[in-house]
Amino acid sequence: GESVGLHLPTLSVQEGDNSIINCAYSNSASDYFIWYKQESGKGPQFIIDIRSNMDKRQGQRVTVLLNKTVKHLSLQIAATQPGDSAVYFCAENWSTDKLIFGTGTRLQVFP
Amino acid sequence: EAQVTQNPRYLITVTGKKLTVTCSQNMNHEYMSWYRQDPGLGLRQIYYSMNVEVTDKGDVPEGYKVSRKEKRNFPLILESPSPNQTSLYFCASSYSNQPQHFGDGTRLSIL
């Protein structure tokens, strides 16, 4: 719901521009990373994932980059649309089926 | 349609009155988990289950119980709810080491 979005860093982009959302993770042993999108009143929805043996993975309009050296993950959204407005979370897999979530970034898309 | 279903979606209740939030998934997933989501803290894992009759504590298990008697169901039980358990709760399920599918959440208010 809306209260989830309070206190979050916010990225504001114009419709049609590209968006880059960043995430720092904490465990150098994490081998699997996931980006989720959460719209108001809904649960997190899977966007894209990447395993630690890769440094880039592309989906439809989205790209995830992984830099293991600095423990950094980014989500790039091409040609951002109003429907992309949401809170975005990264998650790292600390161990088998244990996900640690970041606190999220709110993406606002304006016309 | 593949989904994770939580009930109720909203509940206002009083301190000490036992409540159960149900979670059901129709994807035959082995893994199920409960999270709570609070402003500024992101998603924190309460309990998880790797399979039927196997449950383990997550990061914030105090005040909660779970059971996994059937593969599809993973209820969350608050035996004696307190105001600090007011939160937004999510159930999730997945195959092992795969992205988790989330329900749409249950907003609990404990007065």
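Residues numbered from 1 in each chain as written. Chains lettered and ligands numbered in written order. Predicted model: local features only at pLDDT ≥ 70, side-chain atom pairs only at ≥ 80, totals over all residues. Heavy atoms only, no water.

So, the packing of aromatic side chains
Residue and element names in this part refer to chain B.
Turning to step 1, where the next piece is worked out: Per the stated rule, a full pass over the model turns up 9 aromatic pairs over all chains.
Turning to step 2, where the next piece is worked out: An angle of 40° between the planes, with centres 5.6 Å apart, marks the rings of Y35 and F102 as tilted. In this pair, Y35 sits in strand β4 (residues 31-38) while F102 sits in strand β10 (residues 101-102), placing the two residues 67 residues apart along the sequence.
Turning to step 3, where the next piece is worked out: Under the relative-accessibility criterion, F102 is labelled buried at 10%. (Phe/Tyr/Trp six-rings, centres within 6.5 Å; stacked < 30°, edge-to-face > 60°. Helix = DSSP H or I, 4+ residues; strand = E, 2+ residues; numbered from the N terminus. Buried < 20%, exposed > 50% of the residue type's maximum accessible area, 1.4 Å probe, protein only.)

Observations regarding the state of the cysteines
Turning to step 1, where the next piece is worked out: Under the defined criterion, the tally for this structure stands at 2 disulfides over all chains.
Turning to step 2, where the next piece is worked out: In this model, C23 of chain A is linked to C90 of chain A through a disulfide, with the two sulfur atoms separated by 1.6 Å. With C23 of chain A in strand β2 (residues 19-24) and C90 of chain A in strand β8 (residues 86-95), the pair connects residues that are 67 residues apart, well separated along the chain. Per residue, the accessibility class of C23 of chain A equals that of C90 of chain A, and both read buried.
Turning to step 3, where the next piece is worked out: Each disulfide pairs two cysteine sulfurs, and for C23 of chain B the partner residue is C91 of chain B, the sulfurs being separated by 1.9 Å. Disulfide C23 of chain B-C91 of chain B: torsion about the S-S bond near -75°, hence left-handed. Of the two residues, C23 of chain B sits in strand β3 (residues 19-25) while C91 of chain B sits in strand β9 (residues 87-94), which places them 68 residues apart along the sequence. The pair formed by C23 of chain B and C91 of chain B is uniform in burial state, with each residue classed as buried. (Disulfide = S-S within 2.5 Å.)

Considering the confidence of the model for chain A
All names here are of chain A.
Turning to step 1, where the next piece is worked out: Here chain A shows a mean pLDDT of 90. Residues at 70 or above account for 92%.
Turning to step 2, where the next piece is worked out: Least confident of the elements in chain A is strand β9 (residues 98-101), whose mean pLDDT is 85; most confident is strand β5 (residues 56-58), at 98.
Turning to step 3, where the next piece is worked out: Here residues 1-5 is a poorly scored stretch, pLDDT under 50, and it has 14 contacts once near neighbours within four places are set aside; other chains count. (pLDDT = per-residue confidence, 0-100. Contact = heavy atoms within 4.5 Å.)

Remarks on the side chain of H29 of chain B
Residue and element names in this part refer to chain B.
Turning to step 1, where the next piece is worked out: Within the secondary structure layout, H29 lies in the loop between β3 and β4.
Turning to step 2, where the next piece is worked out: Polar side-chain contacts of H29 include one of 3.2 Å to the backbone nitrogen of S94.
Turning to step 3, where the next piece is worked out: Not counting chain neighbours up to four residues away, the residues in contact with H29 comprise R68, K71, S93, S94, Y95 and H101. (Polar contact = N/O pair within 3.5 Å; in protein donor to acceptor, adjacent residues only side chain to side chain.)

Considering unusual backbone geometry
The phi angle of most residues is negative, glycine excepted, and most peptide bonds adopt the trans form.
Turning to step 1, where the next piece is worked out: With an omega of -5°, the peptide bond between N7 of chain B and P8 of chain B qualifies as cis.
Turning to step 2, where the next piece is worked out: Here P8 of chain B shows up in the loop between β1 (4-7) and β2 (10-13).
Turning to step 3, where the next piece is worked out: Located in the positive-phi region is A79 of chain A, a residue other than glycine, with phi close to 50°.
Turning to step 4, where the next piece is worked out: Its place among the elements puts A79 of chain A in the loop between β7 (72-77) and β8.
Turning to step 5, where the next piece is worked out: By relative accessible area, A79 of chain A is classed as partly exposed at 36%.

Brief notes about the environment of T105 of chain A
Residues and elements named next belong to chain A.
Turning to step 1, where the next piece is worked out: If you trace the backbone, T105 turns up in strand β10 (residues 105-110).
Turning to step 2, where the next piece is worked out: For the pair formed by T105 and V70, sequence separation is 35 residues and the distance between their alpha carbons is 20 Å.
Turning to step 3, where the next piece is worked out: Once residues within four sequence positions are removed from consideration, T105 is found in contact with P9, L11, I21, N22, A86, V87 and Y88.

As for the interface of chain A and chain B
Reports often express the size of an interface as the amount of accessible area lost when the parts come together.
Turning to step 1, where the next piece is worked out: In this complex, chain A contributes 26 residues to the contact, which on the side of chain B involves 25 residues.
Turning to step 2, where the next piece is worked out: Surface buried jointly by chain A and chain B totals about 1,900 Å² across both partners, of which 51% is contributed by carbon and sulfur atoms.
Turning to step 3, where the next piece is worked out: Connecting chain A to chain B are 4 residue pairs in polar contact (both at pLDDT 80 or more).
Turning to step 4, where the next piece is worked out: For the side of chain A that touches chain B, the secondary structure elements donating two or more residues are β3 (32-38), β4 (45-51), β8 and β9 of chain A.
Turning to step 5, where the next piece is worked out: Each residue belonging to the side of chain A that touches chain B can be placed in one class, and the counts come to 11 nonpolar, 10 polar and 5 charged. (Buried area = accessible area lost by both parts, 1.4 Å probe. Nonpolar A, V, L, I, M, F, W, Y, C, P; charged D, E, K, R; others polar.)

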